[in-house]
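Per-entry structural report
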Amino acid sequence: MLLAGVGEVMTAVAGEVADGFVCHGFTTERYLREVTLPALALGRSRAGADLAGYEVSGQPLVATATTPEAMDAAIRGVREQIAFYGSTPAYRPVLDLHGWGELSDTLHQLSVQGRWNEMGGLIDDDVLNAFAVVDAPDRVAGTLLRRFGDVMTRMSLYLPYESDPEIGARIAADVHSATSSVIEDRDTRR
C-alpha cells in the first residue's frame, strides 16, 4: 500500500504504516531532501525499519517542448499549476522553506477572489525552476536523475499542458535506459 502526503505528520505516518510514499507534484528537491525524507525516516524508525527498499514515487513537474512557441506554452502551464497548488494553505510549508511564504498568501487571496488568470504570472523563474525541470527534451532525463534519481524509486512526468506524447515517451525511455545501465553496472561489480 502506498500513501501520499505533503506535510511532515502525514509523511511520517506514511513512513510508519505504508509500503511506499507518493510525493505530491508540488514539491521541490530541497523540500524532498530536507523535509519529506527525514519525515519518512522518522516514520520508518517508528516501525522498526529504515528507507532501504521503501518505495518513493514522484511526479516531477516538467516543462519541455521542441519549438519556442510550445516551450512558452509548457512554461505557462507549469507556472499556472504551481500557482494553483501554491494557493492551498496546507501546502504553504513548501514555499516557506524557500522563503516564499508571502507568495502563498497572495496566491490564496487571488484564488478566493476568483482571479485565477493572474496567479501564474506571480510565479517567477526562481520559483518555476525550484518546482520544475525546465529544459529541452533531450536533457530532461539527465536533470530528473540528478535531482531525484537517488531519492525516487519511481517517477512519472507531470506535464500540466498540452504536449506531444512522443516527447514524454522519449524522456521516459531515456530515464529507463540511464537507470538500467546504472543497475547493470552495479550488478557487475558484485
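Right, let's walk through the structure included here.

Time to look at the nonpolar core. Within the largest apolar cluster, 30 residues are counted, with the highest numbers of intra-cluster contacts made by Phe26, Val78, Ile82, Ile123 and Phe131. Counting residues per element, the ones that place at least two in this core are helix H2 (29-46), strand S4 (61-63), helix H3 (68-86), helix H4 (92-97), helix H5 (101-112) and helix H7 (125-131). Counting residues per element, this core draws most heavily on H3, which supplies 7 residues. Counting 20 residues, the second largest nonpolar core, distinct from the first, contains Leu37, Tyr54, Val56 and Ala141.

What follows deals with the environment of Thr179. Inspection of the secondary structure puts Thr179 in helix H9 (residues 165-188). Between the C-alpha atom of Thr179 and that of Leu145, which follows or precedes it by 34 residues, the distance is 8.4 Å.

Turning our attention to the layout of surface pockets. By volume, the second largest pocket is sized at about 160 Å³. Around the second largest pocket sit Leu37, Leu51, Ala52, Gly53, Tyr54, Val56, Gly149, Asp150, Val151, Met152 and Thr153, which together line it. Along the lines of polarity and charge, the residues of the lining of the second largest pocket split into 7 nonpolar, 3 polar and 1 charged.

Note on strand geometry: in a regular strand, side chains alternate between the two faces of the sheet. The sheet contact formed by strand S1 (residues 2-5) and strand S2 (residues 20-23) spans 4 bridges and is parallel. Note on S2: the bridge partner recorded for Leu2 is Gly20. Note that the unit made of S1, helix H1 (residues 8-17) and S2 has a crossover that is right-handed. Pairing between S2 and strand S3 (residues 55-58): 3 bridges, direction parallel. Bridge assignment links Gly20 to a residue of S3, and that residue is Glu55. Note on the crossover from S2 through H2 to S3: the handedness is right-handed.

All right, on to the packing of H2 against helix H8 (residues 137-148) then. Between H2 and H8, the shortest axis-to-axis distance is 9 Å and the interhelical angle comes to 20°. Judged by the angle between their axes, H2 and H8 are roughly parallel. As H2 runs across H8, the sense of the crossing is right-handed. Facing H2, whose interface residues are Glu29, Leu32 and Arg33, H8 presents Arg146, Arg147 and Phe148. Across the contact of H2 with H8, the residue classes tally to 2 nonpolar, no polar and 4 charged.

This next bit is on the packing of aromatic side chains. For the structure on display, the rule yields 7 aromatic pairs. An angle of 55° between the planes, with centres 5.5 Å apart, marks the rings of Phe84 and Tyr85 as tilted. Accessibility expressed as a relative area gives 41% for Phe84, which makes it partly exposed. The exposure class assigned to Tyr85 is buried, which follows from its relative accessible area of 13%. Note on Tyr85 and Tyr91: the rings are 6.2 Å apart at their centroids and 65° apart in plane angle, and the pair reads as edge-to-face. In textbook terms, an aromatic cluster arises when at least three aromatic residues are bridged by ring pairs, as seen for Phe26, Phe84, Tyr85, Tyr91, Trp116, Phe131 and Tyr158.

This brings us to empty space enclosed by the protein. Tallying each qualifying case throughout the model produces 1 cavity of 30 Å³ or more. What lines the largest cavity is Gly5, Val6, Thr11, Phe21, Cys23, His24, Phe26, Thr27, Tyr31 and Thr36. Counting only elements with at least two residues in the lining of the largest cavity, the list comes to S2 and H2.

This part takes up a nonpolar patch on the surface. Among the surface-exposed residues, Met1, Val9, Met10, Val13 and Val17 lie close enough to one another that they form a single nonpolar patch of about 470 Å² accessible area. Inspection of the secondary structure puts Val13 in helix H1.

Here we take up the pattern of salt bridges. With the rule as written, the count across this model stands at 10 salt bridges. Of the charged contacts in the structure, one is a salt bridge between Arg154 and Glu55, with a shortest N-O distance of 3.2 Å. Placement of Arg154 in strand S6 (residues 154-155) and of Glu55 in strand S3 is noted, with a sequence separation of 99 residues between them. Between Glu118 and Arg115 there is a salt bridge, with its nearest N and O atoms 2.8 Å apart. Owing to a relative accessible area of 41%, Glu118 belongs among the partly exposed residues under this scheme. A relative accessible area of 35% means that Arg115 is categorised as partly exposed. Connected via shared salt-bridge partners are Glu29, Arg33 and Asp150.

Analysis parameters
Residues numbered from 1 in each chain as written. Predicted model: local features only at pLDDT ≥ 70, side-chain atom pairs only at ≥ 80, totals over all residues. Heavy atoms only, no water. Core = buried A, V, L, I, M, F, W, Y, C linked by side-chain atoms within 4.5 Å. Buried < 20%, exposed > 50% of the residue type's maximum accessible area, 1.4 Å probe, protein only. Helix = DSSP H or I, 4+ residues; strand = E, 2+ residues; numbered from the N terminus. 1 Å grid on protein atoms, 1.4 Å probe; cavity = no way out; pocket = protein on both sides within 12 Å on 5 of 7 lines; lining within 4 Å. Points joined across faces, edges and corners; volume = space filled by probe spheres on them. Nonpolar A, V, L, I, M, F, W, Y, C, P; charged D, E, K, R; others polar. Pairing = 2+ DSSP bridges. Right-handed = clockwise from strand over helix to strand, strands pointing away. Axes fitted to C-alpha atoms, helices over the stretch in contact; angles between N-to-C directions. Parallel < 35°, antiparallel > 145°, perpendicular 65-115°, else oblique. Left-handed = near helix turned anticlockwise from the far one by under 90°. Contact = heavy atoms within 4.5 Å. Phe/Tyr/Trp six-rings, centres within 6.5 Å; stacked < 30°, edge-to-face > 60°. Patch = residues over 30% accessible without salt bridge, like charges linked within 9 Å, V, L, I, M, F, W, Y side chains within 5 Å. Areas by Shrake-Rupley, 256 points an atom, 1.4 Å probe, with all protein chains shown as cover. Salt bridge = Lys/Arg side-chain N within 4 Å of Asp/Glu carboxyl O.

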